[in-house]
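Commentary on secondary and tertiary structure
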Amino acid sequence: MGDTPTPSVLDTLISSVTTIIGSFLDWFSEVATSLIANPMIALMFGLGIALLMYKLVVRLVGKASFRKSGRRR
């Protein structure tokens, strides 16, 4: 009769954490896929990115303006 190795507490913990992380990643991929497939969500996401890019360009152009020379009135 051979001795069967019993799993240690650390092996059980690592296995449980791996299962939880795998389940979370599966859930996250399902949610992301359903959100990407929804055109309304994609539109809102695209508008948000466009707004952020617009703000960035306005900020960069504002910093590049000639503020040192003062405003002409």
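See the structure above.
How each quantity is defined
- Residues numbered from 1 in each chain as written.
- Predicted model: local features only at pLDDT ≥ 70, side-chain atom pairs only at ≥ 80, totals over all residues.
- Heavy atoms only, no water.
- Phe/Tyr/Trp six-rings, centres within 6.5 Å; stacked < 30°, edge-to-face > 60°.
- Helix = DSSP H or I, 4+ residues; strand = E, 2+ residues; numbered from the N terminus.
- Buried < 20%, exposed > 50% of the residue type's maximum accessible area, 1.4 Å probe, protein only.
- Patch = residues over 30% accessible without salt bridge, like charges linked within 9 Å, V, L, I, M, F, W, Y side chains within 5 Å.
- Areas by Shrake-Rupley, 256 points an atom, 1.4 Å probe, with all protein chains shown as cover.
- Salt bridge = Lys/Arg side-chain N within 4 Å of Asp/Glu carboxyl O.

1. Description of the packing of aromatic side chains
Evaluated as defined, the whole model comprises two aromatic pairs. With 5.8 Å between their ring centres and 35° between their planes, phenylalanine 24 and tryptophan 27 make a pair best called tilted. Taken as a pair, phenylalanine 24 and tryptophan 27 lie in helix α1 (residues 9–37) at a separation of three residues, close to a single helical turn. Note on phenylalanine 24: relative accessible area 48%, which makes it partly exposed. By relative accessible area, which is 48% here, tryptophan 27 ends up partly exposed. Their ring planes at 25° and their centres at 6.3 Å tell us that phenylalanine 24 and phenylalanine 28 sit as a pair that is stacked. Taken together, the positions of phenylalanine 24 and phenylalanine 28, both in helix α1 and four residues apart, correspond to about one turn of that helix. Its relative accessible area of 49% is what places phenylalanine 28 among the partly exposed residues. An aromatic cluster is built from Phe24, Trp27 and Phe28, whose rings are joined through pairwise contacts.

2. Focus: a nonpolar patch on the surface
A cluster of nonpolar side chains, contributed by Leu10, Leu13, Ile14, Val17, Ile21, Phe24, Leu25, Trp27 and Phe28, occupies part of the molecular surface with about 930 Å² of accessible area. Tracing the sequence through the fold places leucine 25 in helix α1.

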